[in-house]
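The chain contents come next:
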Amino acid sequence: SLSAGLDLPGRFLFATLTLMTLIAILVFIEEAVYIYRKIPSSKRSIIIWINAAAPVISTTSCIGMWVPRSTMFTDFTAGIFFSIVIHKFLMMMIKECGGQKVLLRRFENGRFTISTGPCCCCCLCLPRVPITRQTLFWLKLGTFQFAVFRPVLIFLSIVLWTNGNYVLYNLSPKGPALWISCFIGALTLFALWAVGILFRKVRILLKCKNIIPKFALYQFIVILNHLQTTIINIFATQKIIPCAPPLSSTARGSYIAQQLLIMEMFLITVISRVVYRRKYHDLEPPECVDKKQTP
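All values derive from a computational prediction rather than experimental measurement.

About the cut-offs
- Residues numbered from 1 in each chain as written.
- Predicted model: local features only at pLDDT ≥ 70, side-chain atom pairs only at ≥ 80, totals over all residues.
- Heavy atoms only, no water.
- Helix = DSSP H or I, 4+ residues; strand = E, 2+ residues; numbered from the N terminus.
- Expected span 1.5 Å × (residues − 1).
- Salt bridge = Lys/Arg side-chain N within 4 Å of Asp/Glu carboxyl O.
- Buried < 20%, exposed > 50% of the residue type's maximum accessible area, 1.4 Å probe, protein only.
- UniProt positions renumbered as here; feature names shortened; annotations may be inferred.
- Axes fitted to C-alpha atoms, helices over the stretch in contact; angles between N-to-C directions.
- Parallel < 35°, antiparallel > 145°, perpendicular 65-115°, else oblique.
- Left-handed = near helix turned anticlockwise from the far one by under 90°.
- Nonpolar A, V, L, I, M, F, W, Y, C, P; charged D, E, K, R; others polar.
- Contact = heavy atoms within 4.5 Å.
- pLDDT = per-residue confidence, 0-100.

Peer 1: Help me understand helix 5 (residues 133-162) in this model?
Peer 2: Note that an α-helix has 3.6 residues per turn; residues three or four places apart therefore point the same way. Taking 1.5 Å of rise per residue, 30 residues should cover 44 Å, and helix 5 covers 44 Å from first to last C-alpha, within 8% of that figure. Where helix 5 ends, the next residue or the one after it, Gly164, has phi of about 85°, a positive value.

Peer 1: Looking at this structure, I do not really get the pattern of salt bridges. What am I missing?
Peer 2: Side chains that carry opposite charge are capable of pairing whenever their charged atoms lie near each other. For the structure shown, the criterion picks out four salt bridges. The salt bridge involving Glu96 is made with Lys43; its shortest N-O contact spans 3.0 Å. Of this pair, Glu96 sits in helix 3 (residues 71-96) while Lys43 sits in helix 2 (residues 41-66); the two residues are 53 residues apart in sequence, bridging distant segments of the chain. A relative accessible area of 7% places Glu96 in the buried class. According to the relative accessible area criterion, Lys43 is buried, its value standing at 17%. Because the salt bridges share partners, they merge into one network encompassing Lys43, Glu96, Lys209 and Lys214.

Peer 1: Before we go on, may I ask you to explain the UniProt feature "transmembrane region" (unreviewed entry) in the protein chain in this structure?
Peer 2: The feature "transmembrane region" (unreviewed entry), as annotated in UniProt, sits at residues 12-34, 46-67, 73-91, 137-158, 178-199, 211-236 and 256-276 in this numbering. Along residues 12-34, the helical share is 100% and the strand share 0%, with 33 Å between the first and last C-alpha atoms. Segment residues 178-199 splits into 100% helix and 0% strand. End C-alpha atoms: 31 Å apart.

Peer 1: Honestly, the packing of helix 2 against helix 3 in this entry has me stumped. Any pointers?
Peer 2: Two quantities define a packed helix pair, namely the angle between the helix axes and the distance between the axes. Orientation of helix 2 relative to helix 3, taken along the N-to-C sense of each, is 160°, at an axis distance of 8 Å. Judged by the angle between their axes, helix 2 and helix 3 are roughly antiparallel. Both helix 2 and helix 3 take part in a crossing whose hand is left-handed. Here the residues of the contact of helix 2 with helix 3 are counted per class, giving 17 nonpolar, six polar and four charged.

Peer 1: Sorry, what's going on with the side chain of Glu31 here?
Peer 2: In this fold, Glu31 is placed in helix 1 (residues 8-38). Ignoring anything within four residues of it in the chain, the contact list for Glu31 reads Asn51, Arg273, Tyr276 and Arg277.

Peer 1: Would you mind going over the confidence of the model for the protein chain with me for this structure?
Peer 2: In low-pLDDT segments, the atomic positions of the prediction should not be examined closely. Summarising the model, the protein chain shows a mean pLDDT of 82, and 85% of its residues fall at 70 or more. Ignoring residues within four places in sequence, the model shows residues 289-295, a span with pLDDT below 50, making three contacts including any to other chains.

Below you can see the structure in the form of structure tokens.
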């Protein structure tokens, strides 16, 4: 096994990272109990799902670190979970505004700015879209499709992998890995675009709910779990990360990505506990806001 071949510093590193994962899980359990007791039932499950993202990614990374052959399954598990969390984050912003009906009343004459990242941040000529029930439905569909199709594509990848047809680091046009990865990447961009459009509209209204730090934590998880891991895997595939027997370049890249994720997700779990635990004032009903704006 891998642990038998580790020297003393390696064992100390593995033990420290495992301890950080266990602490992250305990912090999340304590936070979930607090949310269950203090948060209204309409928001309870959504906030617990979002808070669970970092501990789940840390746990899957820890399992992949100890059991190298499980890396594909642990990465896919983390990917499926986070695809659901992206949809939950969009739903949380709607809930924090008072629900869909109240949100539409607050912004009945407003417009969505769709020239935002990660898809259309450079397309400043795009028109602003009226905020209606239909446009809000399309935003929810943008994240919901990711929560549905990514697990399906991941299941297809596992089926092809067990049959020997799917090689994760084989990005040739003849292999399925390249096309599945490109399709998942396109779905990811559309989902993040939908969240970005809604966040840009409600960030000032929900400033009292600390939505900006919450969005920043969510963005950090996206960048670290997807972009950072992809870059490290590319470096490993191109042999920029050298092999260190008995580990190949790709195996070393996988270990580096997993160990970094454990440390980063531990910090995000602790910070999330502080951000989500604060007591916030409820937003004023739209009628009160309208009376204040009327001279």
